[in-house]
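# Understanding the architecture of this molecule
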Amino acid sequence: MPFGLTHERSWRTTLTLYRRPEMLTMLFLGFSSGLPFLLLFSTLFARLRMSGVEVATIGYFSWIGVIYSIKFLWAPVVDRLRLPLLSRLLGHRRSWLVVAQLGILAGLAALALLNPTAHLGILVVITLAVAFAAATQDITIDAYRIESASDDLQAAMASIYVIGYRGGLLVAGAGALALAGAFSWQVAYLCMAALMLIGLITVLVRPEPARSPTRAAILQEPRVRAFIRTSHDMPRPMRRLIVWLIGAVVCPFTDFFGRYGLRALALLAFIGVFRISDLSMAAMANPLYIDLGFSTEQIGVVSGIFGVFMTLLGGLIGGALAGRYGVRPLLWIAAIAIALANLLFSALALSGHSLIMMVVTITADNLAGGIASALFIAFLSGLTSRAYTATQYALFSSIMTLPGKLIGGFSGKIVSSIGYPQFFVVVALLSIPAILLALWIWRDPKFHHNIEDQAE
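Right, let's talk about the overall build of the chain for a bit. Along the backbone of the chain there are 25 helices and zero strands. Classification of the 456 residues of the chain by burial places 52% in the buried group. When contacts within the chain are restricted to residue pairs at least 6 apart in sequence, long-range pairs at least 24 apart make up 81% of them. Carbon together with sulfur atoms contributes 70% to the accessible area of the chain, which is approximately 19,600 Å² in total.

Structure, rendered in structure tokens:
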């Protein structure tokens, strides 16, 4: 049933969902997904700066994040291309996961052995390669998660994934920094590379999710069949390539618009604005804490450690609530919670150096973010056709992050112009379209009827 359309369960039944084997699988795969992210960004930036690399040069490394936002470009390849030998031995999804995880492991080990100042050019190339492998891993994990469980389990799967992901971030951030301080950056990155074995072993011991045979699915597409009927004079290699492109690239997009019609445009707009508020302000949180006079130790403990646990708690709450009531009735509440959390940042900016207010703000922000993430991942999973899992989900997740990242790039200039309190109010107001669209998705009778028809 798309969109988390579920009958209300008892709380006992809801909580027992987390004991299923596939939940533990997603915990470990979430950890494997979160681990490389900070090792390519903030943790790497700290290493570069401590190695004497100029700040301006370090700033250019942030562009590596664009790879994560354009992963939908090669998602059709991951979705449809079977890897020689490995696909036969492991299955389609597991083979891609093994290749991606081995790439991350090898790349992190290489980063450990490089001297940033002496081999900066090589370091850039390897960092780009690791980012590509990590984004490919994310594409495949999203498809694996959606295909491994029924739609009414997707919220719980999403919340467990968020917990594992945040655990990976915690290890790659605070854990790597602690290892680097106690030993060296080489030891830190080698240990992080070794931790990728957690995800690799998980993939090897867990089964391949059920999915339709790739070639058979492509050949059943009406557009593919129409092309085959009218292209007999075309050279066979070119014909096969075009058949593959139609099935892997064109059909995932036409399938989505075919299922939802003009409502697909509103859904894409909703995907783009749902997280725009918290993603737009993310870059200004730490500068706010510093400008208010909080020490790095206070920021690290409250935001880096306590905040992560609040996010994990939020993910569990979001998954449990969705399992109890379904996803759609909760989306507008989650959007309001994000906006209110941003208003608390404005209140923090006005209150000055207040540790209590800082704790309250970070608690609210991370709880709201954890709940919203779990709900929204489940929502996107419900939108995704299982015939094109990787391609469609990669597109949705890219649309989800791009607007917020684009606005976030100007957040520093906006703060310089109007100040922190006004900035966070403006960012909170960006949630209004998301709230209205979420209410429409929940309450519109035609849309509700359309979803139920697909669920039958």
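Past the structure itself, the notes keep going.
This next bit is on the packing of aromatic side chains. Evaluation of the coordinates by the stated rule reveals 17 aromatic pairs. Taking 5.5 Å as the distance between ring centres and 90° as the angle between the ring planes, the aromatic pair formed by Phe 270 and Phe 379 counts as edge-to-face. Of this pair, Phe 270 sits in helix α16 (residues 263-274) while Phe 379 sits in helix α20 (residues 355-383), and the two are 109 residues apart along the sequence. Under the relative-accessibility criterion, Phe 379 is labelled buried at 0%. Here Phe 274 and Phe 376 contribute two aromatic rings whose centre-to-centre distance is 4.3 Å and whose plane-to-plane angle is 15°, an arrangement assigned as stacked. Pair noted here: Phe 274 is in helix α16 and Phe 376 is in helix α20, with a separation of 102 residues, a long-range link. With a relative accessible area of 1%, Phe 274 lands in the buried category. Three or more aromatic residues link up through ring pairs in this structure, and these residues are Tyr 289, Phe 345, Tyr 420, Phe 423 and Phe 424. Taking NZ or CZ as reference, Arg 145 lies 5.0 Å from the ring centre of Tyr 393, over its face.

Take the nonpolar core next. Across soluble globular proteins, you tend to see nonpolar side chains buried next to one another. Counting residues in hydrophobic clusters, the biggest one holds 97 residues, and the most contacted among them are Leu 108, Phe 274, Leu 331, Phe 376, Phe 379, Leu 380 and Leu 383. If one sorts the elements of this core by residue count, helix α10 (residues 154-182) sits on top with 13 residues. Not counting residues within four places of it along the chain, the set of residues in contact with Leu 331 comprises Phe 270, Phe 274, Leu 375, Phe 376, Phe 379 and Ala 438. By size, the runner-up hydrophobic cluster in this structure holds 20 residues, among which are Leu 292, Ile 362, Val 415 and Phe 423.

Judged by side-chain polarity, Leu 340, Leu 343, Val 425, Leu 429, Ile 432 and Leu 436 come together as a nonpolar surface patch covering roughly 530 Å² of accessible area. For the nonpolar patch, the secondary structure elements donating two or more residues are α19 (328-351), α23 (420-429) and α24 (432-443).

This part is about the environment of Leu 40. Considering the arrangement of structural elements, one finds Leu 40 in the loop between α2 (21-39) and α3 (42-50). A C-alpha to C-alpha distance of 8.0 Å links Leu 40 and Val 130, two positions 90 residues apart in sequence. When neighbours within four sequence positions are excluded, Leu 40 is seen to be in contact with Phe 45, Tyr 68, Leu 111, Thr 127, Val 130 and Ala 131.

Under the counting rule described, the total for this entry stands at five salt bridges. Residue Asp 255 is joined to Arg 259 by a salt bridge in which the shortest nitrogen-to-oxygen separation is 3.0 Å. Here Arg 259 and Asp 255 lie together in helix α15 (residues 236-260), a separation of four residues that amounts to about one turn. Several salt bridges converge on common partners, so that one network encompasses Asp 79, Arg 93 and Glu 147.

The next point concerns the side chain of Glu 147. In this fold, Glu 147 is placed in helix α9 (residues 120-148). Engagement of the side chain of Glu 147 in a polar contact is seen with the side chain of Arg 93, the distance being 2.8 Å.

What follows concerns the confidence of the model for the chain. Do not read the predicted coordinates in detail wherever pLDDT is low. Averaged over every residue, the pLDDT of the chain is 81; the share at 70 or more is 84%. For the stretch residues 1-7, pLDDT sits under 50, and the model shows 29 contacts to residues farther than four places along the chain or on other chains. This model gives residues 449-456 a pLDDT under 50, and the stretch forms 11 contacts once residues within four places in sequence are excluded.

Let us look at helix α12 (residues 197-205). Within the span of α12, buried status applies to Gly 199, Leu 200, Thr 202 and Val 203. Down the axis of α12, the sector holding all buried residues measures 160°, keeping them to one side. The exposed residues of α12 that point more than 90 degrees off its buried face are Ile 201 and Val 205.

At a closest axis distance of 5 Å, the pairing of helix α11 (residues 185-195) and α12 adopts a crossing angle of 10°. In terms of orientation, α11 and α12 fall into the roughly parallel class. Judged by residue contacts, Ala 193, Ala 194 and Leu 195 of α11 engage Leu 197, Ile 198 and Gly 199 from α12. A breakdown of the residues in the contact of α11 with α12 according to their chemical character gives five nonpolar, one polar and no charged.

Further remarks concern the environment of Pro 433. Among the secondary structure elements, Pro 433 is positioned in helix α24. With a relative accessible area of 39%, Pro 433 lands in the partly exposed category. Taking the C-alpha atoms as reference points, Pro 433 and Ala 335, 98 residues apart in sequence, are found 9.5 Å from one another.

Our next topic: the environment of Val 130. Tracing the sequence through the fold places Val 130 in helix α9. When its relative accessible area of 1% is taken as the criterion, Val 130 is described as buried. For the pair Val 130 and Gly 107, spaced 23 residues apart in sequence, the C-alpha to C-alpha distance is 5.5 Å. Leave out the neighbours within four places in its chain, and Val 130 touches Leu 40, Ile 104, Gly 107 and Leu 108.

Basis of the calculations
Residues numbered from 1 in each chain as written. Predicted model: local features only at pLDDT ≥ 70, side-chain atom pairs only at ≥ 80, totals over all residues. Heavy atoms only, no water. Helix = DSSP H or I, 4+ residues; strand = E, 2+ residues; numbered from the N terminus. Buried < 20%, exposed > 50% of the residue type's maximum accessible area, 1.4 Å probe, protein only. Contact = heavy atoms within 4.5 Å. Areas by Shrake-Rupley, 256 points an atom, 1.4 Å probe, with all protein chains shown as cover. Phe/Tyr/Trp six-rings, centres within 6.5 Å; stacked < 30°, edge-to-face > 60°. Lys NZ or Arg CZ within 6 Å of the ring centre and 35° of its normal. Core = buried A, V, L, I, M, F, W, Y, C linked by side-chain atoms within 4.5 Å. Patch = residues over 30% accessible without salt bridge, like charges linked within 9 Å, V, L, I, M, F, W, Y side chains within 5 Å. Salt bridge = Lys/Arg side-chain N within 4 Å of Asp/Glu carboxyl O. Polar contact = N/O pair within 3.5 Å; in protein donor to acceptor, adjacent residues only side chain to side chain. pLDDT = per-residue confidence, 0-100. Arc of directions from axis to C-beta. Axes fitted to C-alpha atoms, helices over the stretch in contact; angles between N-to-C directions. Parallel < 35°, antiparallel > 145°, perpendicular 65-115°, else oblique. Nonpolar A, V, L, I, M, F, W, Y, C, P; charged D, E, K, R; others polar.

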